[in-house]
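Descriptive structure summary
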Amino acid sequence: MKKYLAFFLSIALFVCIFSSCSVENDDENTTTNTESTTVVEEETEKAIDSNLKRQLILLSNSVTDWLNPRYDEVAFAVTDMNQNGLLEIIVSSYDSETMTSSTQIYEISSSYDGLNIFSKTNINGKVLEPDYVLFDGTCYYDASIDDYRFLNYDVTLSEDKRNIDLYSINFGEGKADATFIGSMTESLSDETDVIYKNSDGETITEDDYSQLYTDTFEDCLEYYANIAWAAYSIEDLDQFVNSDQATIYSVLEESCKLFSMEK
């Protein structure tokens, strides 16, 4: 399955990010002299116009407002996933022992004077927490409602099983709206023991599971999002937060330059 392979490539990226390894540089010093910064993705840099610069300055001046991770390994990225011209800052943290992640998403206000935090999808008292840093770049655009959505995963481990929940996510209306599509549960001891389910919890075949992608994003244009994550261990995070504004701005600017949405 193409999407299944993309997921495991994302797993590899996830391990690389949170191991603070540099994809293109071995000196652990990529865009600034803040040592633990890792920028993932080498893409043609776009120009930073006055509007983007204004937003990046706001993000750099408010770093202590949005950089409050729950776990010890942290990654953040500047994006515009809904293509409305207002930058988002996605902040994910991760507990490597439990494979638990937590993400907060902020967007520049339309008046450019503050940040709006996105609420999370809550279903029957359960807050959905997809692993945003596992995002493999697959996006879809529905022109009929001017809506961008993207695929994401949530991975959980038990003693003998790995469960992968699949979500369609939209950034809009002040909310990271996650729609559950289906799940795959596999045995860690027997690779042939795999159970596929749809959004109603009904067991389905592998082919039906693959069809979920087609059915969910029927009549949508497919895009690819390049996201540049800056990753830090908790020990090095204070150094970044306490850096001068020019250093913080430089890291955010680099992430913004490398972000793109391509057909």
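Residues numbered from 1 in each chain as written. Predicted model: local features only at pLDDT ≥ 70, side-chain atom pairs only at ≥ 80, totals over all residues. Heavy atoms only, no water.

Further remarks concern the overall build of the protein chain. Scanning the protein chain from N- to C-terminus turns up six helices and 16 strands. Put simply, the protein chain has 263 residues, and 51% of those count as buried. Long-range pairs, those at least 24 residues apart, make up 58% of the contacts in the protein chain with a sequence separation of at least 6. When the accessible area of the protein chain is evaluated, it comes to approximately 12800 Å², of which 44% is carbon and sulfur surface. (Helix = DSSP H or I, 4+ residues; strand = E, 2+ residues; numbered from the N terminus. Buried < 20%, exposed > 50% of the residue type's maximum accessible area, 1.4 Å probe, protein only. Contact = heavy atoms within 4.5 Å. Areas by Shrake-Rupley, 256 points an atom, 1.4 Å probe, with all protein chains shown as cover.)

For the rest of this paragraph, the subject is unusual backbone geometry. Residue Y112 is not a glycine yet carries a positive backbone phi of 60 degrees. Counting through the fold element by element, Y112 comes out in the loop between β3 (100-108) and β4 (115-117). For D219, which is not a glycine, the phi torsion comes out positive at approximately 70 degrees. Assignment of secondary structure puts D219 in the loop between α4 (206-216) and β14 (221-226). We classify D219 as exposed; its relative accessible area is 73%.

Two modes of strand pairing occur in sheets, parallel and antiparallel, and in both the strands are linked by backbone hydrogen bonds. Ordered in space as β4-β3-β2-β1-β15, the five strands form an open sheet in which the pairing is antiparallel. Among the strands making up the open sheet, the edge pair consists of β4 and β15 (230-233). Each strand axis lies, on average, 20 degrees off the axis of its neighbour in the sheet, ignoring direction. Inspection of the sheet shows strand β1 (residues 73-79) paired to strand β2 (residues 88-95) by seven bridges, in the antiparallel sense. Residue pairing in the sheet places T79 in a bridge with E88 of β2. (Pairing = 2+ DSSP bridges. Axes fitted to C-alpha atoms, helices over the stretch in contact; angles between N-to-C directions.)

Relative to the assigned elements, E107 resides in strand β3. No salt bridge is formed by the buried E107; the nearest opposite charge belongs to R149, separated by 14 Å. Among the polar contacts made by the side chain of E107, one reaches the side chain of N84 at a distance of 3.1 Å. (Lys, Arg positive; Asp, Glu negative; His and termini not counted. Salt bridge = Lys/Arg side-chain N within 4 Å of Asp/Glu carboxyl O. Polar contact = N/O pair within 3.5 Å; in protein donor to acceptor, adjacent residues only side chain to side chain.)

Next up on the list: the packing of helix α2 (residues 50-61) against helix α6 (residues 245-258). α6 packs onto α2 with a crossing angle of 130 degrees between their chain directions and a minimal axis gap of 9 Å. By the criterion of interaxial angle, the relationship of α2 to α6 is oblique. Crossing geometry of α2 relative to α6 is assigned as right-handed. Along the contact surface, α2 presents L52, K53, L56, I57, L59, S60 and N61, while α6 presents Q245, I248, Y249, L252, E253 and C256. Residues of the contact of α2 with α6, tallied by class, amount to eight nonpolar, three polar and two charged. (Parallel < 35°, antiparallel > 145°, perpendicular 65-115°, else oblique. Left-handed = near helix turned anticlockwise from the far one by under 90°. Nonpolar A, V, L, I, M, F, W, Y, C, P; charged D, E, K, R; others polar.)

Counting buried residues along β3, seven of its nine residues qualify, which places the element largely inside the surrounding structure. As defined by bridge partners, β2 adjoins β3 across eight bridges and the pair is classed as antiparallel. By the bridge assignment, Y94 is partnered in β3 with S101. Following β2, the chain reverses through four residues before pairing antiparallel with β3; M99 in that reversal takes a positive phi of roughly 55 degrees. Here β3 hands over to β4 after six residues, with Y112 in that stretch at a positive phi of 60 degrees.

One finds M81, Y132, C139, F150, F171 and W229 to be the most contacted residues of the largest nonpolar core, which totals 26 residues. Counting residues per element, this core draws most heavily on strand β10 (residues 161-172), at three residues. Non-local contacts of C139, meaning those with residues more than four positions away in its chain, are made with M81, R149, F150, L221, E222, Y223, A225 and M261. Within the second largest apolar cluster, 25 residues are counted, among which are L56, F76, I89 and C256. (Core = buried A, V, L, I, M, F, W, Y, C linked by side-chain atoms within 4.5 Å.)

The next subject is the pairing of β10. β10 sits mainly inside the fold: ten of its twelve residues count as buried. Pairing geometry for strand β9 (residues 147-157) and β10, over eight bridges, is antiparallel. Considered in β10, the bridge of L151 is made with S168. Linking two consecutive strands that pair antiparallel, namely β9 and β10, is a turn of three residues. Relative to strand β11 (residues 175-187), β10 runs antiparallel, the two sharing twelve bridges. The residue bridging I164 from the neighbouring strand is M184, located in β11.

Honestly, it's all geometry; don't read function into it.
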